[in-house]
Amino acid sequence: MSKPSKIVCRFAPSPTGPLHVGGVRSALFNYLFAKQNNGKLVLRVEDTDKERSKQEYADDIVEGFKWLGLSFDETVIQSERIENHKKYLSILIEKGLAYVSKEKVTEEGQRAEVIRFKNPNRKIAFDDLIKGHIEFDTTELGDFVIAKSLSEPLFHLAVVADDFDMGITHVIRGEDHISNTPRQILIQEAIGAPRPLYAHIPLILATDKSKLSKRKHGESVSLKFYREQGYLPEALINFLALLGWNPGSDRELFSLKELVTEFKLDRVQKGGAIFNPEKLNWVNKEYLHLRPKGEVVETVTQILHEEPLTKYLADWQQVRLATILADRIQVFSEIKKILIEEGIEYLSHAPTCNPTELLWKKSPDPQNTKTHLLHVVKLLEELEPTASMEEVQSAILPYAEKEGKGEILWPMRFALSGKQKSIDPFNLASLLGITESISRLKTAANLLQ
RNA sequence: GGCCCUAUCGUCUAGUGGUUAGGACACGGCCUUCUCAAGGCUGUAACCGGGGUUCGACUCCCCGUAGGGUCACCA
């Protein structure tokens, strides 16, 4: 038995755009595989294209992973390793395995001279850890370009050189790289680098089954979008892990730590998976409920505080509204939607009630209803102006249970909100304040004969 | 179009020759409930087609078909 060498993985994004959810999943699978094998994980920022690479995107990538809680053992900037790439380039040229090629210039920006790899035109086969055996005839690739000039190495060369120097043992990357693999293997063989093991993971697809791309599918492909919408990092990680992988059981909720032990590369799906935001919302809700209630309420309060729609509410009212909302949302971004769609204008303006709707469907008696409303008023008058939901409840509930909950609670709630659907009466009375609640109940009672 | 990959409910998927084809999201119903939401129970819903192999195919093989990826002096 030879001592197994340490596993080294890498995630190698190019900073030409914001961090993509597909990239996050690639990074996640690398992370899980490396961690569970006590291996090393490297973040390699592939910025050899000076035209398109931007520092802000490199920052976005690093910040994104920091937010997610995915850590790398090492971060390398590919452009800083260019001397190394040049070294391999000159070796290839010396050996006659690459050459300076005179080009016909047909497009603007095209060089008259580039470095091409001398393709041995062989068949290349490799055993992908996910896809299985794959074969290519490299003849059709021709003598592909590996550098713009002696000092400007390109993608394929840089990847192979860096993977070699960094001792990468497993290349886990998106399926869109599958056709790059034979080229890279050819270069490896030319520079005498060992071949790493490949695992090409299926793509994350949009609803139309095409690859998620910013150009086609907009902002919702970037991690930042979900971060700004208030999704929880652990929910995103869990959801992404389940997209294309499953543990073989019915279990669906996993912490990152649990994923490290449960994840199996050979259980990764072969086909692409459509990104389903509804399922993400569900996962997020599960994690939201797992968080301490106080913490969630605090975040919701903060959001309400900055929300113009609730500016008119006093601070204590915002906290109470936040407490109610905290139980109802799947994602923090839903708050605004709820405020608008459900219409909570009744929080700021007393409703005008239709007397008929004030009556409980199972017992539509105006006289009784009026008596009940006035009795509720009496009970509320015993309370402090800012009584809590619990205080309101213990003041009203015994009476409601005695007389029939619907008979009391429906008219009470309707008198306070003027709506068929609203926050429950106890929360509502507490949220409006006792003084305002009494006033609304009296107004409603007066509508009844 | 060439090359490569893929194919189970609408979606994510379990399944590895014999299953009432299982779970989750979404959707519908019921219960709970003052309404809404949550929660509980439950229902509708799938093996792309055609040939083989086999006593027997969702499962193995071949051929179609469909979808996707990739074909840069980007990564």
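No experiment lies behind these values; they were computed from the predicted model shown.

Topologically, Ser 437 is positioned in helix H18 (residues 434–447). On the basis of relative accessibility, which here comes to 0%, the residue Ser 437 falls in the buried class. Apart from residues lying up to four places away in sequence, Ser 437 is in contact with Leu 380, Leu 416, Ala 429 and Leu 432.

Neighbouring RNA strand B are 58 residues; Arg 111, Lys 148, Lys 211, Glu 252 and Lys 405 lie closest to it. Looking at the surface near RNA strand B, the elements that each hand over two or more residues are strand S7 (132–137), strand S8 (145–149), strand S13 (273–274), helix H10 (277–290) and helix H16 (405–417). Looking at the surface near RNA strand B, the element that brings in the most residues is H16, giving five residues. Classifying every residue of the surface near RNA strand B by side-chain character gives 17 nonpolar, 16 polar and 25 charged.

Here we take up the layout of surface pockets. A volume near 1,500 Å³ is recorded for the largest pocket. At the level of elements, strand S1 (8–11), helix H1 (21–36), strand S9 (152–153), helix H4 (155–165) and strand S10 (170–174) are the ones that each hand at least two residues to the lining of the largest pocket. When grouped by side-chain class, the residues that make up the lining of the largest pocket number 18 nonpolar, 15 polar and 15 charged.

A separate point is the packing of aromatic side chains. A full pass over the atoms with the stated rule returns 14 aromatic pairs. Between Trp 360 and Trp 410 the ring centres are 6.0 Å apart and the planes differ by 45°, which places this aromatic pair in the tilted class. Taken together, the residues Trp 360 in the loop between helix H13 (334–343) and helix H14 (366–381) and Trp 410 in helix H16 connect sequence positions 50 residues apart. Residue classification places Trp 410 among the buried positions, given a relative accessible area of 19%. Lying over the aromatic face of Phe 144, Arg 183 brings its terminal NZ or CZ to 5.8 Å of the ring centre. Sitting above the plane of the Trp 410 ring, Arg 413 keeps its charged end 4.8 Å from the centroid.

Moving on, we get to the packing of helix H15 (residues 389–403) against H16. Taken N-terminus to C-terminus, the directions of H15 and H16 make an angle of 135°; their axes are 6 Å apart at the nearest point. Taken together, the axes of H15 and H16 lie oblique to each other. Contact with H15, carried on its side by Val 392, Ile 396, Leu 397, Tyr 399, Ala 400, Glu 401 and Glu 403, involves Lys 405, Glu 407, Ile 408, Leu 409 and Met 412 of H16 and no other residues of that element. Its residues assigned to classes, the contact of H15 with H16 comprises eight nonpolar, no polar and four charged.

Turning next to the domain arrangement of chain A. Accessible area lost on assembly of the parts is the figure often given for the size of an interface. Under the domain assignment used here, chain A contains domain 1 (223–289), domain 2 (292–334) and domain 3 (355–447). In this structure, domain 1 and domain 2 have C-alpha centres spaced 26 Å apart. At the interface, ten residues of domain 1 touch seven residues of domain 2. Roughly 750 Å² of surface becomes buried between domain 1 and domain 2 when both sides are summed, with 59% attributable to carbon and sulfur atoms. Among the residues domain 1 hides against domain 2, the three largest losses belong to Gln 229, Asn 281 and Leu 288. Together they make up 56% of the total. Between the two partners, domain 1 and domain 2, sit zero salt bridges. The interface formed by domain 1 and domain 2 holds two residue pairs in polar contact (both at pLDDT 80 or more) in total. Its residues assigned to classes, the side of domain 1 that touches domain 2 shows four nonpolar, five polar and one charged.

Take the pairing of strand S6 (residues 123–128) next. Because side chains alternate across S6, one face comprises the buried residues Ile 124, Phe 126 and Asp 128, and the other comprises Lys 123, Ala 125 and Asp 127, none of which is buried. Bridge count between S6 and S7: six bridges; the pairing is antiparallel. Residue pairing in the sheet places Ile 124 in a bridge with Phe 136 of S7. Hairpin connection of S6 to S7: three residues between the antiparallel strands.

The subject of this paragraph is the sheet that holds strand S5 (residues 113–117). Pairing within the open sheet is antiparallel, and its four strands lie in the order S4-S5-S8-S9. Pairing within the sheet leaves two strands with one partner each, and these edge strands are strand S4 (98–102) and S9. Most of the contacts of helix H3 (residues 82–94) go to S8, to which it runs at about 110°, and overall it touches S4, S5, S8 and S9.

Okay, the confidence of the model for chain A next. Of the residues in chain A, 99% have a pLDDT of 70 or more, and the chain-wide mean is 93. Interface confidence in the predicted complex, given as ipTM, is 0.95; pTM for the same model is 0.94.

Now for H14. Relative to the 22 Å expected for 16 residues at 1.5 Å per residue, H14 spans 23 Å between its end C-alpha atoms, a close match to the ideal helical length. Within the sequence span of H14, burial applies to Thr 369, His 372, Leu 373, Val 376, Val 377 and Leu 380. Considered in projection along H14, the buried side chains sweep an arc of 145° and stay on one side of the axis. Those residues of H14 that are buried lie in contact with H15, H16 and H18.

Another point: the UniProt feature "binding site: ATP" (unreviewed entry) in chain A. Residues annotated by UniProt as "binding site: ATP" (unreviewed entry) correspond here to Lys 214. Examined against the element boundaries, Lys 214 turns out to sit in helix H6 (residues 214–217). Each residue touching Lys 214, except ones within four places of it in the same chain, is listed here: Pro 18, Glu 219 and Val 221.

Before going further, it helps to spend a moment on the UniProt feature "domain: Glutamyl/glutaminyl-tRNA synthetase class Ib catalytic" (unreviewed entry) in chain A. The feature "domain: Glutamyl/glutaminyl-tRNA synthetase class Ib catalytic" (unreviewed entry), as given by UniProt, occupies residues 6–103 and 107–282 in the numbering adopted here. Across residues 6–103, helical content stands at 44% and strand content at 19%; the span's end C-alpha atoms are separated by 44 Å. Each end of residues 107–282 is marked by a C-alpha atom, and these two atoms are 50 Å apart; helix forms 31% of the span and strand 22%.

Each value, and the rule that gives it
- Residues numbered from 1 in each chain as written.
- Chains lettered and ligands numbered in written order.
- Predicted model: local features only at pLDDT ≥ 70, side-chain atom pairs only at ≥ 80, totals over all residues.
- Heavy atoms only, no water.
- Helix = DSSP H or I, 4+ residues; strand = E, 2+ residues; numbered from the N terminus.
- Buried < 20%, exposed > 50% of the residue type's maximum accessible area, 1.4 Å probe, protein only.
- Contact = heavy atoms within 4.5 Å.
- Near = heavy atom within 4 Å.
- Nonpolar A, V, L, I, M, F, W, Y, C, P; charged D, E, K, R; others polar.
- 1 Å grid on protein atoms, 1.4 Å probe; cavity = no way out; pocket = protein on both sides within 12 Å on 5 of 7 lines; lining within 4 Å.
- Points joined across faces, edges and corners; volume = space filled by probe spheres on them.
- Phe/Tyr/Trp six-rings, centres within 6.5 Å; stacked < 30°, edge-to-face > 60°.
- Lys NZ or Arg CZ within 6 Å of the ring centre and 35° of its normal.
- Axes fitted to C-alpha atoms, helices over the stretch in contact; angles between N-to-C directions.
- Parallel < 35°, antiparallel > 145°, perpendicular 65-115°, else oblique.
- Domains from an automatic or database assignment.
- Buried area = accessible area lost by both parts, 1.4 Å probe.
- Salt bridge = Lys/Arg side-chain N within 4 Å of Asp/Glu carboxyl O.
- Polar contact = N/O pair within 3.5 Å; in protein donor to acceptor, adjacent residues only side chain to side chain.
- Pairing = 2+ DSSP bridges.
- pLDDT = per-residue confidence, 0-100.
- Expected span 1.5 Å × (residues − 1).
- Arc of directions from axis to C-beta.
- UniProt positions renumbered as here; feature names shortened; annotations may be inferred.

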